[in-house]
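Architecture and fold: a report
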Amino acid sequence: MSHTATGTDPAQPPPEDDHAFFGQPRGLMTLSGLEVWERFSFLGMQAILVLFFADKVSDGGLGMDPGTAASVSAAYGTLVYLVSVAGGWLADRILGSYRAVLYGGILIACGHYAMAVPTATMTWVGLGLISAGTGLLKPNVASMVGKLYGTEDNRRDAGFALYYMGINIGAFVGPLVTGWLGEHASWHWGFSAAAFGMTLGLIQYVVGRRHLAGRKHAAEYALAPGPMRRAVLTILAGIVVVALVATALALAGWLTMDRFVDVLTLVSVIAPVVYFVVMFRSPRVTPEERGRLRPYVVLFLASVVFNFILFQAYSTMILLASTNARAEIFGFHFPASWYASALGAFEVALAPVVAAVWARMGPRQPHASNKIAIGVVLGGLSFLLMVLPTSGHADETYKMAVWWIVGSYLLLGLGDILLETSGMSATTKLAPKAFASQTMALWFLSLALANGIQAQVVKLYGEVSNPAYFGVNGAIAVAAGVAVIAAAPWLKRTMHPVH
């Protein structure tokens, strides 16, 4: 039974909303619409970010070498998802999910507008604002989707698949718009388009707020007034101190870009370890909930492996496409960043198919752990596929056919649907009640760790051969997926109520 089946609670949507959106709660349309525009802006910008970093200063870029450009782009992704921990805590204890998502969207929009200003300083300011805003928005909008359903509602996985399809509409359209503007006008015009898209998303979110479950302004586990004031003051003071220390170290020449990347990678490793320890030891977590956290560790690590591959669709794969892939199809020339749209296109096309299959199979569908494992294997195969067109060349001037990268993105897109929808859905089921939004933030910490590892590994791109780079990384991912399949019997026993 859906949570939306009551009209007595003013914080709940009206009863007629329960099946109003393709058999799903109408609030799913509001949240999916927000994510369409958030992903339009975020991935539209990310599709051109690594090219902007690597482009010559005389052409409007920052003049980094390809390996450094990919590493810095990954470090930015690390920061985005690290901040999601604070976003989950702020929603649970101070802001409430609705306001956390709203304020996060405002920060994201401001960040994109800052990046539209053609100076290096405003680029870094904009990336900082986007990181903070995404950290507030991402974990909480996903947890709001979970609140639309009861724990035993069989529509949950199908709902998350539709939600994910909405995400990927933005992922498809964003790079088309920003990539075209980046190549034909300037990189900063591309960033301006991202700002406009996020603004539309915010308008849609506010207009549709009455259809959202649990939209009350107060946090579900709000701090008492005294501790809340102290927490807010501590947070503000911490932000000021960190900014001052970072500025001083940068002016002294110690905080270089390479060291900043290394620090973020280190934090991305430490943060999830600390977070798991806190949750396992918390007196507010029941023994039953603690038992469900153990298999969640396996899902977390599977997410890390897969997303290490996935995020390179916007770094090394884009760099490879810009130098060694044809950018022409049926006589039409397109920007290299448009390859990123292929990933979104496949996910838009395949998500409803996957949702329909799961809905039709009902209780006979594969266990969530097997869906996630297959996703990891497909991610590895997407990299192993790239070994073929990059092998056997005398130099680096070759141009592979469009279909090689498109085929790689097809495997990656299907794997992403299987892993992310099942992973996010399982997270909302396995989360201890006292850490609901924060457990979703922990899922996003797996993305931070994936980016943190990527920030180090991509430094090898261009230093080793392309067949070796893609082959080794792909083989590791396939092996990890097979390991999760081998652990399936234990996972099925310990992941109740996940099916």
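Here the residue numbering is sequential within each chain, running from 1 through the sequence in written order. Where local features are concerned, this predicted model is filtered to residues with pLDDT of at least 70; where side-chain atom pairs are given and counted, the filter is 80 or more; whole-chain, interface and lining totals use all residues. Remark: hydrogens and water are excluded; side-chain values derive from all non-hydrogen atoms of the structure.

Quick notes on the overall build of the chain
Here a strand is any run of E in DSSP of at least two residues, a helix any run of H or I of at least four, and the numbering for each starts at the N terminus. Of regular secondary structure, the chain possesses 17 helices and 2 strands. Along the three orthogonal principal directions, the C-alpha set of the chain runs to about 65 × 55 × 40 Å. Exposure is judged per residue with a 1.4 Å probe applied to protein chains only, and the accessible area is read against the type maximum: over 50% gives exposed, under 20% gives buried, and values in between give partly exposed. Classification of the 499 residues of the chain by burial places 56% in the buried group. Taking all contacts inside the chain whose residues are at least 6 apart in sequence as the whole, residues at least 24 apart take part in 82%. Areas reported here follow the Shrake-Rupley algorithm with a probe of radius 1.4 Å; residue values treat only the protein chains shown as occluding. Summed over its atoms, the accessible surface of the chain is roughly 19600 Å², and 70% of this surface lies on carbon and sulfur atoms. Charge separation in the chain, taken as the distance between the mean sites of 31 positive and 26 negative side-chain charges, equals 11 Å. Any pair of residues with heavy atoms lying within 4.5 Å of one another is described as a contacting pair. By the counting rule applied here, Lys and Arg register as positive and Asp and Glu as negative, while His and the ends of each chain are not counted. Lysine's charge is taken at NZ, arginine's at CZ, aspartate's at CG and glutamate's at CD.

Describing the nonpolar core
Counting residues in hydrophobic clusters, the biggest one holds 119 residues, and the most contacted among them are Met 45, Tyr 163, Tyr 205, Tyr 339, Ile 405, Tyr 409 and Leu 445. Take this core: its biggest share by element is 13 residues, from helix α1 (residues 27-54). What Tyr 339 contacts, discounting residues up to four positions off in sequence, is Ala 321, Ala 325, Arg 326, Phe 334, Val 402, Ile 405, Val 406 and Tyr 409. For our purposes a nonpolar core is just a set of buried Ala, Val, Leu, Ile, Met, Phe, Trp, Tyr and Cys residues, chained together by side-chain atoms within 4.5 Å. Leu 90, Ala 100, Leu 136 and Ala 231 belong to the second largest nonpolar core, which has 7 residues in total.

Focus: empty space enclosed by the protein
Using protein atoms alone on a 1 Å grid, points that fit a 1.4 Å probe yet trap it form a cavity, whereas open point sets bounded by protein on both sides within 12 Å along at least five of seven lines form a pocket; residues with an atom within 4 Å of a point count as lining. Grid points are joined across faces, edges and corners, and a volume is the space filled by probe spheres set on the points. Tallied over the entire structure, the rule returns 1 cavity of 30 Å³ or more. A volume near 260 Å³ is recorded for the largest cavity. Lining of the largest cavity is provided by 21 residues; of these, Arg 39, Tyr 81, Tyr 164, Leu 310 and Phe 311 occupy positions nearest its centre. Elements that contribute at least two residues to the lining of the largest cavity include exactly α1, α5 (156-184), α9 (287-310), α11 (339-361), α14 (402-430) and α15 (436-457).

Considerations on the layout of surface pockets
Taken as a whole, the largest pocket encloses approximately 2000 Å³ of empty space. If you trace the largest pocket, you find 46 residues lining it, with Leu 79, Val 83, Gly 128, Ile 239 and Val 242 closest to the centre. Elements represented by at least two residues in the lining of the largest pocket include exactly α2 (66-95), α3 (97-115), α4 (120-146), α7 (225-251) and α8 (257-281). Per-class residue counts for the lining of the largest pocket are 38 nonpolar, 8 polar and no charged. Nonpolar residues are Ala, Val, Leu, Ile, Met, Phe, Trp, Tyr, Cys and Pro. Charged residues are Asp, Glu, Lys and Arg, and all others, Gly as well, are polar.

A closer look at a nonpolar patch on the surface
Taken together, the side chains of Leu 266, Val 269, Ile 270, Val 274 and Val 278 make up a nonpolar region of the molecular surface, amounting to roughly 420 Å² of accessible area. Examined against the element boundaries, Val 274 turns out to sit in helix α8. Only residues whose relative accessible area exceeds 30% and that form no salt bridge are eligible for patches; like-charged ones are grouped when within 9 Å, while nonpolar side chains (Val, Leu, Ile, Met, Phe, Trp, Tyr) are grouped when within 5 Å. For this analysis, a salt bridge means a side-chain nitrogen from Lys or Arg found within 4 Å of a carboxyl oxygen belonging to Asp or Glu.

Remarks on the packing of aromatic side chains
Only rings of Phe, Tyr and Trp enter the pairing, Trp through its six-membered ring, and a pair is recorded when the two centres are within 6.5 Å. The plane angle decides the type: under 30 degrees is stacked, over 60 is edge-to-face, the rest tilted. Scanning the entire structure with this criterion turns up 17 aromatic pairs. In textbook terms, an aromatic cluster arises when at least three aromatic residues are bridged by ring pairs, as seen for Trp 180, Phe 332, Phe 334, Trp 338 and Tyr 339.

By themselves, these are just geometric observations and shouldn't be taken as functional.
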